[in-house]
Amino acid sequence: MKVAFAGTPGFAATILSGLVSSEHQVGLVISQPDARRGRGRKTIATAVAALARQRDLPLLQPERIAEATEDISRHDALVVAAYGQILRSDTLNAATHGAWNVHASLLPAYRGAAPIERAIMEGEKKTGVTIIRMDEGLDTGPIALQRGLDVPGDMTGGELYEKLAFLGAKAIVDGLALLEDDRLTLTEQDSLNATYAAKLSGEDLRVRWDLDAERIYNMVRALAPSPGARAFHPEVEGPIKIFRSEIAKPGGKYLVAGEIYAANGQILVGCGTGTLEVKELQMPGAKRVGANDFLRGNTLAGAFIS
């Protein structure tokens, strides 16, 4: 099957790589325009654009995907993974067999922009990927197939991101094969049970120490390794990023929410309920280090701002 592909970040690049390695033909790649970042305003290619250039695939990077509608119409199907723009009806229906999205959740759970992080934040034990035929709603199209994945209690957002990308690549390859053979069955989503995974805001990255330790622990692992959970201290200019933590065993030192106890290679912080042990952190302008190494040359006292 000849497909056009639209995607932008690393998750989408893994999907594209799976398609390129399959029996399907990738005739067109569409990605967001390369961004200018940093002090020197250096142009940074999207992960998908970089892979397309590496594999010598036809690449378009329009400001709006609607500009590529005519090019998409020359393909059997459009595959979309984390592209970053809403597709209108003419683009969704341009390819012969329509547009198909690889979404990183078991829909209708976690529709939206941040399904991986939100699932871990909520302490989900299972998630997965869903292939849907796209409509004009937000991840509301009928389900073509799903693949589930267990989420261990210590898995980070980065680890889950990678696993779901590979799972999604296999799922879309299988789905396209079924579509080509006219053996793909679609099932409407149960929208009454839908949940939403809104794009992460700055406030979503900030640790609120009045929450219970388990919720903060899940937040820390959901945001690792990027962008990192942020804690704020009145004596530190800028956020302190926390990348790894553990829930301290009960029966230890009692700390009120935000209160810090740092000694003997350990950093303990009181929560609304329970205590969190900070295992790995990064001060502003410094490197990411383990708590034991950090305390060899630094101190941390008082309390974080809740």
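Everything here concerns the structure above.
Residues numbered from 1 in each chain as written. Predicted model: local features only at pLDDT ≥ 70, side-chain atom pairs only at ≥ 80, totals over all residues. Heavy atoms only, no water.

*Asks:* Would you mind going over the overall build of the protein chain with me for this structure?
*Replies:* The number of helices and strands found in the protein chain is eight helices and 15 strands. Overall size of the protein chain, expressed as C-alpha extent along the three principal axes, is 65 × 45 × 30 Å. In the protein chain, buried positions account for 46% of the 306 residues. Considering only contacts in the protein chain between residues 6 or more positions apart, those separated by 24 or more positions represent 64%. When the accessible area of the protein chain is evaluated, it comes to approximately 15,000 Å², of which 48% is carbon and sulfur surface. Averaging the coordinates of the 34 positive side-chain charges in the protein chain and doing the same for the 37 negative ones gives two points 6 Å apart. (Helix = DSSP H or I, 4+ residues; strand = E, 2+ residues; numbered from the N terminus. Buried < 20%, exposed > 50% of the residue type's maximum accessible area, 1.4 Å probe, protein only. Contact = heavy atoms within 4.5 Å. Areas by Shrake-Rupley, 256 points an atom, 1.4 Å probe, with all protein chains shown as cover. Lys, Arg positive; Asp, Glu negative; His and termini not counted. Charge placed at Lys NZ, Arg CZ, Asp CG, Glu CD.)

*Asks:* Looking at this structure, how should I read the sheet that holds strand 2 (residues 25–30)?
*Replies:* The pairing of strands in a sheet comes from backbone hydrogen bonds and takes either a parallel or an antiparallel form. Read from one edge of the open sheet, seven strands run 5-2-1-6-7-8-9, paired in mixed fashion. Each having just a single partner strand, strand 5 (59–60) and strand 9 (143–150) make up the two edges of the open sheet. Sheet topology note: the strand 8 (residues 126–133)/strand 9 ladder contains seven bridges and is antiparallel. Note on strand 9: the bridge partner recorded for Ile131 is Leu145. Against the sheet, helix 1 (residues 10–20) contacts strand 1 (2–7), strand 2, strand 6 (77–81) and strand 7 (99–103), and its axis sits at roughly 165° relative to strand 1. Helix 6 (residues 157–180) contacts strand 1, strand 6, strand 7, strand 8 and strand 9 of the sheet and is inclined by roughly 150° relative to strand 9. (Pairing = 2+ DSSP bridges. Axes fitted to C-alpha atoms, helices over the stretch in contact; angles between N-to-C directions.)

*Asks:* Is there a simple way to think about helix 2 (residues 47–54) in this case?
*Replies:* Each α-helix turn comprises 3.6 residues. Residues three or four places apart therefore point the same way. The complete set of buried residues in helix 2 reads Val48, Ala49, Leu51 and Ala52. Taken end-on, helix 2 shows its buried residues confined to a sector of 165°, consistent with a single buried face. Packing partners of the buried residues in helix 2 comprise strand 1, helix 1, strand 2 and strand 5. (Arc of directions from axis to C-beta.)

*Asks:* What exactly am I supposed to notice about the pairing of strand 1 here?
*Replies:* Put simply, side chains in a regular strand alternate between the two faces of the sheet. Of all the six residues making up strand 1, five are buried; the element is thus mostly covered by neighbouring parts of the structure. Strand direction decides the pairing type here: strand 1 and strand 2, joined by five bridges, are parallel. Looking across to strand 2, one finds that Phe5 is bridged to Val29. With helix 1 bridging strand 1 and its parallel neighbour strand 2, the resulting β-α-β unit is right-handed. (Right-handed = clockwise from strand over helix to strand, strands pointing away.)

*Asks:* Any chance you could explain the environment of Phe232 here in plain terms?
*Replies:* Tracing the chain through its elements places Phe232 in the loop between strand 10 (229–231) and strand 11 (240–247). On a C-alpha basis, the gap between Phe232 and Arg206 in space is 8.0 Å, while along the polypeptide they are 26 residues apart. For Phe232, the contacting residues outside a window of four places in its chain are Arg206, Gly238, Pro239, Phe304 and Ile305.

*Asks:* How should the packing of aromatic side chains be read in this particular structure?
*Replies:* Think of a pair of aromatic rings as described by two things: how far the centres are apart, and how the planes are tilted against each other in angle. Overall, the coordinates contain two aromatic pairs when judged by the stated rule. Summarising the aromatic geometry, the rings of Phe11 and Tyr161 are spaced 5.8 Å apart at their centres and angled 70° between planes, so their arrangement reads as edge-to-face. Remark: Tyr161 occurs in helix 6 and Phe11 occurs in helix 1; sequence separation between them is 150 residues. For the pair Trp209 and Phe304, a centre-to-centre distance of 5.3 Å together with 10° between the ring planes defines the contact as stacked. A residue pair is termed long-range when its members are at least 10 positions apart, and Trp209 in the loop between helix 6 and helix 7 (213–222) and Phe304 in the segment after helix 8 (291–297) qualify at 95 residues. (Phe/Tyr/Trp six-rings, centres within 6.5 Å; stacked < 30°, edge-to-face > 60°.)

*Asks:* Mind showing me how you'd approach the pattern of salt bridges here?
*Replies:* Opposite charge on two side chains makes pairing possible when the charged atoms of those side chains draw close. For the coordinates displayed, the defined rule picks out 14 salt bridges. A salt bridge links Arg74 to Asp71, with the nearest nitrogen and oxygen atoms 3.2 Å apart. Given the relative accessible area of 26%, Asp71 is considered partly exposed. The partner of Glu280 in a salt bridge is Arg288, with the nearest N and O atoms 3.0 Å apart. Residue classification places Glu280 among the buried positions, given a relative accessible area of 16%. Overlapping salt bridges, with partners in common, bring together Glu70, Asp71 and Arg74 in one network. (Salt bridge = Lys/Arg side-chain N within 4 Å of Asp/Glu carboxyl O.)

*Asks:* Just checking my understanding: could you explain the environment of Val173 for this structure?
*Replies:* One can find Val173 in helix 6. On a C-alpha basis, the gap between Val173 and Glu23 in space is 8.4 Å, while along the polypeptide they are 150 residues apart. Each residue touching Val173, except ones within four places of it in the same chain, is listed here: Gly18, Leu19, Ser22, Glu23 and His24.

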